[in-house]
Amino acid sequence: MEQKLLQLLQKCKTSKQLKETHLQIIVNGLINNNFIVPKLITFSSTLISLNYALDVFKALQNPSLISYNTLIKCFIGKTLKYALYTYNQMRVSNITPNSFTFTFLLRCFESFEGLKAGQVVHSEIVKLGFESSVFAMNTLMDFYAKCGGNLGSARKVFDEMSERDVVSWNTMICAYMSYANQEYALCLFEAMPERNIVTWNSVIAGLLKVGNMELARSVFKRMPEKNDVSWNTMISGYVKLGDVETARAIFDEMPGKSIISWTAMVSGYATIGDVQSARKVFDRIPAKNVVSWNAMIAGYVNNHMFDEALSVFQHMLIDGNCKPNQTTLISVLSACSHLGSHEHGKWIDSFIRKNKFDSSVPLGNALIDTFAKCGDMENAKAVFLRMAQRCIITWTTMISGLAVNGHCRDALELYEKMCLDGVEPDDVVFIAVLSACTHGGLLEEGKRVFYQMVNKFGIKPRIEHYGCMVDLLGRAGKFEEALSFIQSMHLEPNAVIWATLLSACKIHGNGELLEFLTWRILEQEPNNPSYLTLIMNLSSSIGRWQDALNFRRATRDQGIEKIPGCSSIQIGNSVHEFSAKDTKHSQRKEIYRVLGCLNGHLKLCESE
């Protein structure tokens, strides 16, 4: 029966199954069984809760050392207080700890807050004569190294050890390397009586971390044998420094290339913008996994090649050997957002629900952003409402989406709801809220929000916040107040601030500030085509034709051209982008021919 219940425990996947098995253990009188109870405690902590595991332990008549150790192990990463309390209870019960007890205890205290508790355990190790246990002392040394970088105490433990194994040396070397103390680490490395491959890899990784590539390469060449970790560490190190050429040389030398090394090269090339080489490496990967697909998709997205990112995603689905994960979908949604591809966004939303993906915060944020940028606030709101958890980015994305799509009062109401829900706003969310006020012409509300930001939440305004307020005042025709506001800024106003006010002057036909604002803008950014076009347009709108003509001549003589606008349209699974005077589209001749026909029809209509 004992063996059968152990097998049942191993098969438990849900809290319901575990509770049913727990009941059978009690019914069969095995609740104090030394083989079953540790497993029951472990599964209870994992599948149900720590409190349930504690209840199982409290029900034991005479807990064994294994049961105490198992419970302490359950506290790792969760609670410091109960771990020490359980150890004290064990000592009161006259149960002598072993090396595992101290290992689990010290792992519970691996934080700066746990230093004092760890020192208490250190004294227990000495008092109970475990100083001769290499296992216990290695754990103690590792604890001091990880607990606030207490390298002095770690080294003292190392020096006082009567016996050391390769783990002892590796632990101390890793500790020094982790805190960029490579000189001491290398001294220990050279003094080490016997090295294993972990030692070599640790030294290489540490040297790469501080950017000492030459020495890392030297140690790498000295290695008597190398494994995948050795090769991949070197490749990744050079990739991180942007030296993809050297990384490629090491990659080509590698006898048996792993998926990790292939993926590192794809990411490396994509990072430096050489997407063509990244794709060549990607296409050569013998057996791709989800990480390699993600690396290629993200590479295209980060290099603004969004169509290609969607194309690789489609190939991934057709290939069928790897299922997309959340990272895949977040990258693809980013591509959809930039392209304004509503159909792709809706398909991914459907894919997420159909495949029952966990509604994580990053994935939900990406979906909201995609729908908002495609103008579909109904679906954006649906995603927002079904998210079990939200972060400040979630609220910001939703508020910004509402503002951009003209739902300005809704954006302001959502901000107020966020504050009522106890979410602490940051500087970014205030840019979204102030933008909503600007787009909606909500002057008084904007002033109130700006006051709240500064005085209630203590956020120092950035130039973007000032820009929103100047835009808001300018659109309302409050030019004197806007100028006074600019003078009160703690930051030096840039060209954007002055151009924002100039744009408002154009809306209201106010030419009084033209010369002052033109001088301010040209002083800071004399060659910005957008600002020069704005000055020309305002000059023309108020009848100052000669000024407009002079600016036009000056920009033409200097060869300054405004960057053409770009539009896109989705047809089937492809998104087509167009810009003014487009010469890149494959069907440009047919497109211009149709445009010519349309222009002809329009002229006929006008003449009639």
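Residues numbered from 1 in each chain as written. Predicted model: local features only at pLDDT ≥ 70, side-chain atom pairs only at ≥ 80, totals over all residues. Heavy atoms only, no water.

### Remarks on a nonpolar patch on the surface
1) Next: Judged by side-chain polarity, Y592, V594, L595 and L598 come together as a nonpolar surface patch covering roughly 370 Å² of accessible area.
2) Next: Mapped onto the elements, V594 comes out in helix α35 (residues 588-607). (Patch = residues over 30% accessible without salt bridge, like charges linked within 9 Å, V, L, I, M, F, W, Y side chains within 5 Å. Areas by Shrake-Rupley, 256 points an atom, 1.4 Å probe, with all protein chains shown as cover. Salt bridge = Lys/Arg side-chain N within 4 Å of Asp/Glu carboxyl O. Helix = DSSP H or I, 4+ residues; strand = E, 2+ residues; numbered from the N terminus.)

### Concerning helix α3 (residues 36-48)
1) Next: When the terminal C-alpha atoms of α3 are compared, their 17 Å separation across 13 residues agrees well with the 18 Å that a helix rising 1.5 Å per residue should span.
2) Next: The complete set of buried residues in α3 reads I36, V37, P38, L40, I41, F43, S44 and S45.
3) Next: On its buried side, α3 packs onto α1 (2-11), α2 (15-27), α4 (50-58) and α5 (65-74). (Expected span 1.5 Å × (residues − 1). Buried < 20%, exposed > 50% of the residue type's maximum accessible area, 1.4 Å probe, protein only. Contact = heavy atoms within 4.5 Å.)

### Notes on the state of the cysteines
1) Next: Inspection of every chain in the model, using the stated rule, returns 0 disulfides.
2) Next: With no disulfide of its own, C74 lies closest to C108 among cysteine sulfurs, the gap being 9.5 Å.
3) Next: Given a relative accessible area of 9%, C74 falls into the buried group. (Disulfide = S-S within 2.5 Å.)

### Section: the packing of helix α18 (residues 275-284) against helix α19 (residues 290-302)
1) Next: Direction vectors running N to C along α18 and α19 enclose 165 degrees, while the axes themselves pass 10 Å from each other. On the basis of the axis angle, α18 is roughly antiparallel to α19. Pair α18 / α19 crosses with left-handed handedness. Listed contacts from α19 to V275, A278, R279 and F282 of α18 are S292, W293, M296 and Y300.
2) Next: Residue classes in the contact of α18 with α19 are distributed as 6 nonpolar, 1 polar and 1 charged. (Axes fitted to C-alpha atoms, helices over the stretch in contact; angles between N-to-C directions. Parallel < 35°, antiparallel > 145°, perpendicular 65-115°, else oblique. Left-handed = near helix turned anticlockwise from the far one by under 90°. Nonpolar A, V, L, I, M, F, W, Y, C, P; charged D, E, K, R; others polar.)

### Observations concerning the packing of helix α23 (residues 361-373) against helix α25 (residues 392-404)
Axes are the key here: two packed helices are described by the angle between their axes and the distance separating the axes.
1) Next: Between α23 and α25, the shortest axis-to-axis distance is 9 Å and the interhelical angle comes to 5 degrees. For the element pair α23 / α25, the angle class is roughly parallel. Side by side, α23 and α25 meet where V361, N365, I368, D369 and A372 of the first sit next to I393, T394, T397, M398 and G401 of the second.
2) Next: Partitioned by chemical class, the residues of the contact of α23 with α25 number 5 nonpolar, 4 polar and 1 charged.

### Focus on the environment of L65
1) Next: Tracing the sequence through the fold places L65 in helix α5.
2) Next: Note: C-alpha distance between L65 and N34 (31 residues apart in sequence) is 9.4 Å.
3) Next: With residues near it in sequence (within four places) discarded, L65 still touches M90, I95, T96, P97, N98 and T101.

### What to know about the UniProt feature "repeat: PPR" (unreviewed entry) in the chain
1) Next: Within this numbering scheme, the UniProt entry marks residues 133-168, 196-226, 227-261, 289-324, 391-425 and 426-461 as carrying the feature "repeat: PPR" (unreviewed entry).
2) Next: For residues 426-461, the helix share is 78%, the strand share is 0%, and the end-to-end C-alpha distance is 11 Å. (UniProt positions renumbered as here; feature names shortened; annotations may be inferred.)

### Here's the deal with the confidence of the model for the chain
1) Next: For the chain, mean pLDDT is 86; residues scoring 70 or higher make up 89% of the total.
2) Next: Throughout residues 559-563 the model reports pLDDT below 50, and contacts reaching past four residues in sequence, or to other chains, amount to 8 contacts. (pLDDT = per-residue confidence, 0-100.)

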